[in-house]
Amino acid sequence: MSFVYKADPVRGAEWAEFFARKMPDMPFHIWPDVGDARDVRYLAAWQPPANLMTDFPNLEVLFCTGAGIDHLDLSVVPDAIPIVRMVETGIVSGMVEYVTLAVLSIHRDWKTYLEQQRERDWTAHRVRPASSRRVGVLGLGSLGRAVLPRLQSFGFSCAGWSRFPQQMDGVDCYAGADEMGAFLKRTDILICLVPLTDSTRGILDKRLFDALPRGAAVINVGRGGHLVQDDLLQALNDGTLSYAVVDVCEPEPLPRHHPFWTHPKVTLTPHIASMTQPETAVEAVVANIRRLKEGSPMIGLVDSARGY
Ligand code: NDP
């Protein structure tokens, strides 16, 4: 029985070290050196090989090294092989940090002050209490649910939107297409944290922007495919939106001539909102292998029909 890692080899070396400590009896290989392929039961990959089951005829679980699985070609994975995405504390903490930074920088006009400093301009703008700012998160999954309590702690008025009804202390929860309008109407800073699926592709479009209060801000930390870029530019240029923080794009890297690079109302980062951390990722994977062996459900199990 062995484990193969197929993603960034530098991080793979770190995985190997942590894995040896957590599960010393399980041989760990870094692709393309896979040992005896018939022994491989577990594969952790960003992109699995095209001939997955020929390469690893006895595979039992495919672990995705990222939190999203939208980049995977699910047709190469037989129904009998569970796909487990990365739900680990390192990714969650990174996302909480990034979203907090983005929301606070919008709330406290940080971009304006950076520009004013360059101009030696000592103009003070009114500081609004956080309680007067309404934050809304699209997606109440492992990331959305972690981000909201942190934002609540500053006093923001918080809401979330999911596919099925959910409950969270102190958070106004909305669900489904029917409640989308009411959710957007009360949201001044919108954070996109839904997975990219057929039903969420292009969700950040003109119709959605028009449904937000005029001058709202948008933070996209989901996937580039959620955002209709031309609609965002139009909304920023005509005042429908006041600001956007864009961490994910389609394509990545964003072409050098793209207007987001220089737009005064856009902060652009190169898909770094969060990253899988080798130590906590190994903890999550090892815990899941143990759960599988005990017959308990693994954490982060993907429902292929749902697409997340
Ligand atoms: P989860 O699968 O845990 O949660 C997804 C949430 O989105 C759920 O609340 C789900 O609703 C909701 N959702 C899904 N589809 C719909 C829909 N059609 N309508 C309404 N709600 C929907 O995902 P995570 O929180 O772990 O991650 C979310 C995404 O964040 C990832 O898929 C990835 O794209 C992105 N990400 C980005 C990173 C970055 O660095 N920029 C890093 C890590 C992740 P319900 O609860 O009802 O099922």
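Going by the annotation in an unreviewed UniProt entry, the name recorded for the protein is Glyoxylate/hydroxypyruvate reductase A, with Paraburkholderia phenazinium given as the source organism.

Draft legend 1. Broad picture of the UniProt feature "domain: D-isomer specific 2-hydroxyacid dehydrogenase NAD-binding" (unreviewed entry) in the protein. Following the UniProt record, one finds the feature "domain: D-isomer specific 2-hydroxyacid dehydrogenase NAD-binding" (unreviewed entry) at residues 102-273. Here residues 102-273 runs as 29% helix and 19% strand, with 10 Å between its end C-alpha atoms.

Draft legend 2. View of the pattern of salt bridges. Here the structure, examined in full by the defined rule, presents eight salt bridges. Across the salt bridge formed by D36 and R38, the nearest N and O atoms sit 2.9 Å from each other. Judged by relative accessible area, which is 35%, D36 ranks as partly exposed. Taking relative accessible area as the criterion, R38 reaches 54% and is therefore assigned exposed. With a shortest N-O distance of 2.9 Å, D70 and R223 are connected by a salt bridge.

Draft legend 3. The sheet that holds strand β9 (residues 189-192), seen in detail. Spatial strand order, β8-β7-β6-β9-β10-β11-β12: seven strands in an open sheet with parallel pairing. Strands at the two margins of the open sheet, each flanked by one partner only, are β8 (172-175) and β12 (266-268). Going across the sheet, the axis of each strand differs from the next one's by a mean of 15°, ignoring polarity. Inspection of the sheet shows β9 paired to strand β10 (residues 216-220) by four bridges, in the parallel sense.

Draft legend 4. View of the sheet that holds strand β5 (residues 83-84). Strand order in this open sheet of five strands is β2-β1-β3-β4-β5, and the pairing throughout is parallel. For this open sheet the edge positions go to β2 (28-30) and β5, each flanked by a neighbour on one side alone. Bridge count between strand β4 (residues 61-64) and β5: two bridges; the pairing is parallel. Looking at β5, one finds that F63 is bridged to V84.

Draft legend 5. A look at the pairing of strand β11 (residues 241-246). Most of β11 is tucked away: five of the six residues are buried. Pairing between β10 and β11: five bridges, direction parallel. Its bridge partner being in β11, A217 is matched across the sheet by Y243. A crossover connection joins β10 to the parallel β11 through helix α8 (residues 229-237); in handedness this β-α-β unit is right-handed. Here β11 runs beside β12; their pairing, made up of three bridges, is parallel. Looking across to β12, one finds that A244 is bridged to V266.

Draft legend 6. Expanded view of the environment of K185. If you trace the backbone, K185 turns up in helix α6 (residues 176-185). Taking the C-alpha atoms as reference points, K185 and L43, 142 residues apart in sequence, are found 44 Å from one another.

Draft legend 7. Layout of the site of the ligand. In the vicinity of the ligand lie 29 residues, with R85, S142, F164, Q166 and Y308 positioned nearest. Within the contact set of the ligand, an oxygen atom lies 2.9 Å away from a backbone nitrogen or oxygen of L143. The contact in question runs from an oxygen atom of the ligand to an N or O atom on the backbone of F164, over 2.7 Å. Within the complex, 92% of the 950 Å² of free accessible area of the ligand lies under protein. Going through the elements one at a time, α3 (89-107) and β7 (157-162) are the ones with two or more residues in the shell around the ligand. Partitioned by chemical class, the residues of the shell around the ligand number 14 nonpolar, eleven polar and four charged. Summarising the domain contributions, the shell around the ligand has at least three residues from each of domain 1 (2-88 + 276-294) and domain 2 (91-268).

Draft legend 8. Up close: the packing of aromatic side chains. This structure, assessed with the given rule, holds eleven aromatic pairs. Taking 6.2 Å as the distance between ring centres and 20° as the angle between the ring planes, the aromatic pair formed by F3 and F63 counts as stacked. Of the two residues, F3 sits in strand β1 (residues 2-6) while F63 sits in strand β4, which places them 60 residues apart along the sequence. In this pair, the class of F3 matches that of F63, namely buried. Consider the rings of W31 and F56, whose centres lie 6.2 Å apart with planes at 65°: the pair is edge-to-face. With W31 in the loop between β2 and β3 (40-45) and F56 in the loop between α2 (52-55) and β4, this pair connects stretches of sequence that are 25 residues apart. Under the relative-accessibility criterion, W31 is labelled partly exposed at 31%. For F56, a relative accessible area of 1% gives the class buried. Aromatic rings pair up to connect F3, Y5, W15, F19, F28, Y42 and F63 into one cluster. The side chain of K6 reaches across the aromatic face of W31, ending 5.2 Å from its centre. Over the aromatic face of Y308 sits the side chain of R306, whose NZ or CZ is 3.9 Å from the ring centroid.

About the thresholds
Residues numbered from 1 in each chain as written. Predicted model: local features only at pLDDT ≥ 70, side-chain atom pairs only at ≥ 80, totals over all residues. Heavy atoms only, no water. UniProt positions renumbered as here; feature names shortened; annotations may be inferred. Helix = DSSP H or I, 4+ residues; strand = E, 2+ residues; numbered from the N terminus. Salt bridge = Lys/Arg side-chain N within 4 Å of Asp/Glu carboxyl O. Buried < 20%, exposed > 50% of the residue type's maximum accessible area, 1.4 Å probe, protein only. Pairing = 2+ DSSP bridges. Axes fitted to C-alpha atoms, helices over the stretch in contact; angles between N-to-C directions. Right-handed = clockwise from strand over helix to strand, strands pointing away. Near = heavy atom within 4 Å. Polar contact = N/O pair within 3.5 Å; in protein donor to acceptor, adjacent residues only side chain to side chain. Areas by Shrake-Rupley, 256 points an atom, 1.4 Å probe, with all protein chains shown as cover. Nonpolar A, V, L, I, M, F, W, Y, C, P; charged D, E, K, R; others polar. Domains from an automatic or database assignment. Phe/Tyr/Trp six-rings, centres within 6.5 Å; stacked < 30°, edge-to-face > 60°. Lys NZ or Arg CZ within 6 Å of the ring centre and 35° of its normal.

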